[in-house]
Amino acid sequence: QVQLMETGGGAVQPGGSLRLSCEASGIGANIGVMGWYRQAPGKAREVVATMSPGGIPLYAFFAKGRFTVSRDNDKNIVNLQMNALKSDDTAVYYCYVRTDIQDYWGQGTQVTVSS
């Protein structure tokens, strides 16, 4: 059974930091891009950051300079370090894993930024 285990969500004050982690297991197919998306209430899901198997990162404009994506190909783990968090970052964050057969999504982890 394929499982994407997401951890690290929570509530922080503006300017705070959180580190999200996603470990994919049970995937026999070749894993390509891994990353994170987010969805705020009433809004569409949007990309936050992704990383290719070769370690090339891509960031959304709002994430550039504040968030850092990393991955461990041997353990099939993708992380997202989020610093200088803002209220607008409040959303459910979803792990994303692309394979040569299909794409997988985590169940989502809540990130709440409020004073």
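Everything below is about the structure printed above this text.
Residues numbered from 1 in each chain as written. Predicted model: local features only at pLDDT ≥ 70, side-chain atom pairs only at ≥ 80, totals over all residues. Heavy atoms only, no water.

*Asks:* In this structure, what is going on with the overall build of the chain? I would like to understand it.
*Replies:* When helices and strands are tallied, the chain shows zero helices and 11 strands. The secondary structure elements of the chain, listed N-terminal to C-terminal, are β-β-β-β-β-β-β-β-β-β-β. The C-alpha atoms of the chain give a radius of gyration of 13 Å, which matches the 13 Å a tight globule of 115 residues would have. In terms of principal-axis extent, the alpha carbons of the chain reach across some 45 × 25 × 25 Å. Here the chain holds 115 residues, and 43% of them are scored as buried. Considering only intrachain contacts with a sequence separation of at least 6, the fraction spanning at least 24 residues in the chain is 53%. When the accessible area of the chain is evaluated, it comes to approximately 6200 Å², of which 48% is carbon and sulfur surface. Put simply, the chain has 10 plus and 9 minus side-chain charges, and the middle of one group is 7 Å from the middle of the other. (Helix = DSSP H or I, 4+ residues; strand = E, 2+ residues; numbered from the N terminus. Rg over C-alpha atoms; globule rule 2.2 N^0.38 Å. Buried < 20%, exposed > 50% of the residue type's maximum accessible area, 1.4 Å probe, protein only. Contact = heavy atoms within 4.5 Å. Areas by Shrake-Rupley, 256 points an atom, 1.4 Å probe, with all protein chains shown as cover. Lys, Arg positive; Asp, Glu negative; His and termini not counted. Charge placed at Lys NZ, Arg CZ, Asp CG, Glu CD.)

*Asks:* Before we go on, may I ask you to explain the pairing of strand β8 (residues 77-82) in this structure?
*Replies:* Taken residue by residue, a regular strand's side chains alternate between the two faces of the sheet. Taken across its six residues, β8 has six buried, putting it largely inside the fold. The alternating pattern of β8 places Ile77, Asn79 and Gln81 and Val78, Leu80 and Met82 on opposite faces, both of which are buried.

*Asks:* Help me out: how do you make sense of the pattern of salt bridges in this one?
*Replies:* Once their charged atoms are close, side chains differing in charge can pair, the charge on each being opposite to the other. Applying the stated criterion across every chain yields a total of three salt bridges. Glutamate 46 is paired through a salt bridge with arginine 38; the nearest N and O atoms lie 3.0 Å apart. Between arginine 66 and aspartate 89 there is a salt bridge, with the nearest N and O atoms lying 2.7 Å from each other. With arginine 66 in the loop between β6 (57-59) and β7 (67-72) and aspartate 89 in the loop between β8 and β9 (91-99), the pair connects residues that are 23 residues apart, well separated along the chain. For the pair arginine 66 and aspartate 89, a shared accessibility class is recorded, and that class is buried. When salt bridges with common partners are traced through the structure, they connect Arg38, Glu46, Arg66 and Asp89 into a single cluster. (Salt bridge = Lys/Arg side-chain N within 4 Å of Asp/Glu carboxyl O.)

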